[in-house]
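# Examining the three-dimensional arrangement
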Amino acid sequence: MNQLPVTEPLDPGTQADFEVALVSLNQWQLAWRRFRRHKLALFGSGLFLTMVAISALGPLICPYDPTYVPPPLHFCPGSLTQIAYNGCPPLTQGHPLGTTGSLQLDLLTLVVNGGRISLLIGIGSSIFAAIIGTIVGGMAGYFGGWIDTIFMRVVDVLLSLPILIVITVFAKAFGLGDWRMIMVVFAALSWPGLARLVRSLFLTLRTEVFVDAARAVGVSDRRIIFRHILPNAVSPIIVSTTLSIAGIIVTEAFVDYLGYGVDPNKTPTWGNILTSAQTYIINGNWWWAFFPGLAIVLTVLGINFMGDGLRDALDPRSRL
Amino acid sequence: MSSQPNPVDTTTESPERPLLDVRGLRTYFHVMDGTVKAVDGVDFSIPRGGTVGLVGESGCGKSVTAHSIMRLIDIPPGEIVSGEVLLEGVDLLKLPDDKIRHVRGGEIAMIFQEPMTSLNPVFTIGDQISEAILLHTVPKISHKEAMERAIESLQLVGVSAPERRVKQYPHELSGGMRQRAMIAMALSCNPKLLIADEPTNALDVTIQAQILELIKALQARTGTALLLITHDLAVVAETVETIAVMYAGRIVETGTVDQVLLNPQHPYTQGLMSSIPGVKKRGEALSVIKGVVPNPFRMPPGCAFQPRCPYAWERCREAEPELLHAASGAYSRCFLHAPEGASRLPAFEHVVSGTVSSVVGSK
C-alpha cells in the first residue's frame, strides 16, 4: 500500500503551517487503519458477516418455510434411482444442500434458519454478558471496598459452576427448549469472566493521573467510570466479547446436541440439527450432519480470526 | 471575578478572613505495615489572591496535603483523621459528595505534575477542557459554546492555533503544550484557588521557565490565589510570596520568601539552602543534610528532624515545639527559638549568615 500521508487541505493564508497539518485520528480510526492491514482478520470478518447476513436474510432467500413438511416421496426429484427415505444428496433438484432423512425437509432451509437462532443466542448472550460484566466489574474495580468484595464473591461462585450441568439442571427444572431462555442462561453464566477482566482493567486505570485530574475538575463517579475509564478499557472488552460469541455458539451447539437445549421440534439450531442427523450417518446420509457442522466451523473460525485481528488493531501500543 | 453563584458559600464575606484556612490537618494511610502519618498537623492559610509555596522533599506530605484539600485521597487506605479545610469559612472536609464536586474545578482547580498522563488519551483536548466548562457554568451552555470557550482559554495560555489544537489528542502535543492545556482547563472556570502540584517537574528547563511565567502572569491577571507545591527552591523563590517548608508531615518553617530563603531559621531549611549548588561554591564539596528521612512507621521521639539535626540536644528528643516566632519574622518549629534554646541560638545564627551569602550569590 503506497499511500501518501493524509493531510488536511491547507488554508491559502497559512501555507507555512506545517506544525498542525496532520489529521488527528481518534482511537477507532487508528484501529481501523491497523485492522485493514490484517488480511486474515478481514477474511474472518467477511466470513462471519456473511454467515450473519445469510441467517438474517434467511426467510427471504429460502424457498421453503422451516416448518413445512413435504408430502412423502419415494424417489428424489430428478432421479429415479435414489430412494428418498434416507434423504436426497446435495445438488438434488430444488434442494441444493439435499434433504434430511425421514421427513425429507430441505436442508438449506434448516441450516439457514438454525443459524438464525444459533447466532442470535451467541451474539445476544455475549452482548448481555458484556453489559453486565462491564457494569459489575467496573464498579468493583473503581469503588473497591465492600462493593468489590461482594461482587467478586458472586463472580467466584458463578465461575465455579460447571455450565453444562447448570443448563442440564435448568432444563430438567423448567423444561427449557425456548431459545430465549437458553440465551438468558448463557448470558447469566458467561458475564463473570468478563467482570474479572474489566475489574482488573479498572483497578489499573483508576490510579491513572487523568482519573485524578477528572475528579479534580468535579466529574461525578458515574461519569468517570463510563466516560473516562471505560473508553480506555473498551478494547479488551470488545476482543473478549467477540471471542466469547464463538465460545457460546460451540457450547450452545453442544448443549443442543445433548438434547438439553433448544427444542428441535419447535426451533431448529445448528446443534439440534446434528442430533437428529446422527442416526442417519450410518445409512450414508453424510450431508445432514456435514452442512450444519460446516456452518459452525466456518462461523467460529471467522470469529476467531476477527478477534485476533481486533486484538492487534485495538492494542494502543501496537503502531503499524 | 467570577459571575457564577457560589453553591457552598453560605456565610458573608469578610475582608480579613483568608480564602483558604487549613487547620490541624492530619491525613493518615492505614497500610499493611502500620499507619503512615503522611500529614500530621498542618496549619496554613492563603489570603484572597495570595500565593503560597509548599516546599519539601519527596514524601514529606506536600502532595497529600493538596489532595486532602481537594478530598482526592483514596479512602481506604487513606483517612483524614482530623482538621479543618475552610474555604471562605466552609469546611470542605464536611461537605457532602455532591457539594464537593462543585468546589473541585469550580472553586479550587488543580494542575498535576505529569502533563504526560494527566490528560485522558482517548479524548481531544477540546473535549476535556469543555467538559470542565460544562460542569461548572451556570446557567448551562451548549457544547458549541463550551468549545468556543475552550478555544479562548487555550489562547489565553499561549497555545498556537487553538482552534486546531482542540481537535487534537494528547499524544499529539508536547509536554509543555499539554501542561498549558492543563492550565487552560484549570483556569477555564475562574477558580478562586489554583493548586499546582509540582507543575514543572516533568518539563525541561526552558519550558519550566515558560510555564512558571505563565502561571504567574495568569495568577496576577485573574486574581486567583495560588498554592504551589514543589521541591525546587528556585521555583518558589521566583513565584510565590509566602513559603511553608514541610518535613515529615509537619510544617517546620513558614514566612515570606525573603525571610525563609534568605535567613532560614529552622536547621532543616538551613540544610536545604546550603545544599543548593551555586557558582560561588565551585570547587567545594556540596554540603548535605546527614542521615535519611525517618521511616514513616517509626518516627523518632520529639522533633522528627532531631536525629539529623546538628544542633539537637536532649530537649529535642523530649518534645516538639509549636511554630515559634523567630527573629527574622518567620515562624520556625525549633527549640532554638524558645527561651530554653536562647543560649544555643548564636551558634546557629552564625552558620545561617554564612549560608546566606552563598545563597544570595546563587540567586
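Above: the structure in question.
First, a word on scope: everything that follows refers to the structure included in this document. Given the structure is predicted, the values throughout are model-derived calculations rather than measurements. (Residues numbered from 1 in each chain as written. Chains lettered and ligands numbered in written order. Predicted model: local features only at pLDDT ≥ 70, side-chain atom pairs only at ≥ 80, totals over all residues.)

### A short note on the overall build of chain A
Secondary structure summary: chain A contains eleven helices and zero strands in total. Counting helices and strands in the order they occur from the N terminus, chain A gives α-α-α-α-α-α-α-α-α-α-α. Looking at chain A as a whole, 42% of its 320 residues qualify as buried. For chain A, the share of sequence-separated contacts (at least 6 apart) that also reach a separation of at least 24 residues comes to 68%. (Helix = DSSP H or I, 4+ residues; strand = E, 2+ residues; numbered from the N terminus. Buried ≥ 20, exposed ≤ 12 C-beta atoms within 10 Å, placed from the backbone. Contact = placed C-beta atoms within 7 Å.)

### Some thoughts on the interface of chain A and chain B
Quite often, the size of an interface is put as the accessible area lost when its parts meet. Contacts between the two partners involve 17 residues from chain A, matched on the other side by 26 residues from chain B. At the level of secondary structure, the elements contributing two or more residues to the side of chain A that touches chain B comprise α8 (209–216) and α9 (221–258) of chain A. Examining the composition of the side of chain A that touches chain B, we find that six residues originate from one element, α8(A), more than from any other. Among the residues forming the side of chain A that touches chain B, the class breakdown is eight nonpolar, six polar and three charged. (Nonpolar A, V, L, I, M, F, W, Y, C, P; charged D, E, K, R; others polar.)

### Some remarks on the sheet that holds strand β3 (residues 51–55) of chain B
All names here are of chain B. Ordered in space as β6-β7-β8-β3-β9-β10-β12-β11, the eight strands form an open sheet in which the pairing is mixed. Two strands in the sheet have a free side with no partner beyond their single neighbour: β6 (108–111) and β11 (324–325). Here strand β9 (residues 242–247) pairs with strand β10 (residues 250–256) via six bridges, running antiparallel. By the bridge assignment, valine 245 is partnered in β10 with glutamate 253. (Pairing = 2+ DSSP bridges.)

### Concerning the environment of B:Arg178
All names here are of chain B. Relative to the helices and strands, arginine 178 resides in helix α6 (residues 175–187). Sequence spacing of arginine 178 and valine 159 is 19 residues, and the spatial spacing of their C-alpha atoms is 9.7 Å. Setting aside residues up to four positions removed in sequence, arginine 178 forms contacts with Pro115, Met116, Leu119, Pro170 and Leu173.

### What about the nonpolar core?
Ranked by size, the top nonpolar core spans 171 residues in total, and within it B:Ala181, B:Ile195, B:Leu227 and B:Val245 carry the most contacts. With 15 residues, helix α4 (residues 107–143) of chain A is the largest single contributor of residues to this core. (Core = buried A, V, L, I, M, F, W, Y, C linked by C-beta atoms within 7 Å.)

### Concerning the sheet that holds strand β1 (residues 20–31) of chain B
Backbone hydrogen bonds hold the strands of a sheet together, and the pairing may be parallel or antiparallel. Residue and element names in this part refer to chain B. Pairing is antiparallel across the open sheet formed by four strands, whose spatial order is β2-β1-β4-β5. Looking at strand neighbours, the two that pair on one side only are β2 (34–46) and β5 (90–91), the edges of this open sheet. Here eight bridges tie β1 to strand β4 (residues 78–87), and the two strands are oriented antiparallel to one another. By the bridge assignment, phenylalanine 29 is partnered in β4 with glycine 78.

### Description of helix α10 (residues 267–274) of chain B
By the criterion of burial, α10(B) is predominantly enclosed, with eight of the eight residues buried. Buried within α10(B) we find B:Pro267, B:Tyr268, B:Thr269, B:Gln270, B:Gly271, B:Leu272, B:Met273 and B:Ser274.

### A few points about the pairing of strand β8 (residues 225–230) of chain B
Regular strands show a simple pattern: their side chains alternate between the two faces of the sheet. Residues and elements named next belong to chain B. Most of β8 sits out of view: six of its six residues are buried. Neither face of β8 is exposed, since Ala225, Leu227 and Ile229 on one face and Leu226, Leu228 and Thr230 on the opposite face are all buried. For β3 and β8, the ladder comprises five bridges, and the chain directions are parallel. Opposite valine 55, over in β8, you have threonine 230 as the bridge partner. One ladder, built from five bridges, connects strand β7 (residues 193–197) with β8; its direction is parallel. Opposite alanine 196, over in β8, you have leucine 228 as the bridge partner. For the crossover that starts at β7, traverses helix α7 (residues 205–222) and ends in the parallel β8, the hand is right-handed. (Right-handed = clockwise from strand over helix to strand, strands pointing away.)

### Side note on the packing of α4(A) against helix α5 (residues 145–160) of chain A
Axis angle and axis distance: for two packed helices, these are the angle between their axes and the distance between the axes, and together they describe the pair. Residues and elements named next belong to chain A. The contact between α4 and α5 brings their axes to 7 Å, and the two run at 145°. The handedness of the crossing between α4 and α5 comes out as left-handed. Contacts from Val136, Met139, Ala140 and Phe143 of α4 reach α5 at Gly145, Ile147, Asp148, Phe151 and Met152. Across the contact of α4 with α5, the residue classes break down as seven nonpolar, one polar and one charged. (Axes fitted to C-alpha atoms, helices over the stretch in contact; angles between N-to-C directions. Left-handed = near helix turned anticlockwise from the far one by under 90°.)

Scope: geometric values only; no functional claims are made or implied.
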